[in-house]
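Single-letter residue listing:
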Amino acid sequence: MQTANYHAYALLLLGLLFAPSVMGEDVSPERAAMLAGSCANCHGTEGRLEGAIPRIAGREQSVLETLLLAFKHDSGPDVTVMDRIAQGYSDAELSALAQYFASLEVDHED
Ligand code: HEC
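Residues numbered from 1 in each chain as written. Predicted model: local features only at pLDDT ≥ 70, side-chain atom pairs only at ≥ 80, totals over all residues.

Caption draft 1: Molecular detail of the site of the ligand. Taken together, 17 residues lie around the ligand, and Cys-39, Cys-42, Val-79, Thr-80 and Met-82 are the ones closest in. When contributions to the shell around the ligand are tallied by element, the ones reaching two or more residues are α3 (40-43), α4 (61-72) and α5 (82-86). A breakdown of the residues in the shell around the ligand according to their chemical character gives 13 nonpolar, 4 polar and no charged. (Near = placed C-beta within 6 Å. Helix = DSSP H or I, 4+ residues; strand = E, 2+ residues; numbered from the N terminus. Nonpolar A, V, L, I, M, F, W, Y, C, P; charged D, E, K, R; others polar.)

Right under this line is the structure:
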């Protein structure tokens, strides 16, 4: 019984660990919104903060996606942290994040 429980638990943990990469090709809007939560520390709630870092909410989806993929694959401008952050996400997740932030309404457009 103990062993069976342990195995079930181990399988569950493995599932959680690998879920992001397995689901990488099909990122739901809900999942994108969840992933976006970890961007708020630096980019403000819903990416609305602007200042030293340009605002990301309400920007053109293709621009955000291009930037994020360039950060991840080290082909963009010199950055301080975004290269390391972007490497934590699959390409599909980055494109879902770009879509999420682009879909947010802001008072003024760029
Ligand atoms: C530790 C702070 C931090 C976190 C967390 C963070 N960012 Fe950034 N982000 C920055 C900084 C600083 C820059 C400016 C480029 C640089 O120096 O890395 C930036 C730049 C960007 C840019 C480019 C904006 C532009 O117009 O140049 C995008 C897009 C972006 N971040 C998206 C995200 C997304 C999406 C997340 C969450 C997955 C995220 N960031 C999480 C700090 C952060």
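Caption draft 2: Summary view of the nonpolar core. Counting 15 residues, the largest nonpolar core has Leu-64, Leu-68, Leu-97, Ala-98 and Phe-101 as its most contacted members. Elements supplying a minimum of two residues to this core: α4 and α6 (91-102). Of the residues forming this core, the biggest block, 6 residues, is contributed by α6. Ignoring any residue separated from it by four or fewer positions in sequence, one finds Phe-101 in contact with Ala-36, Gly-47, Ile-56, Ala-57, Arg-59 and Leu-64. (Core = buried A, V, L, I, M, F, W, Y, C linked by C-beta atoms within 7 Å. Buried ≥ 20, exposed ≤ 12 C-beta atoms within 10 Å, placed from the backbone. Contact = placed C-beta atoms within 7 Å.)

Caption draft 3: A look at α6. For α6, which comprises 12 residues, the first-to-last C-alpha distance of 16 Å matches the rise-based estimate of 16 Å (1.5 Å per residue) to within 8%. The inward-facing, buried residues of α6 abut α2 (29-36), α4 and α5. (Expected span 1.5 Å × (residues − 1).)

Caption draft 4: Up close: unusual backbone geometry. One non-glycine residue, Glu-46, lies in positive phi territory at about 55°. With respect to the helices, strands and loops of the structure, Glu-46 is situated in the loop between α3 and α4.

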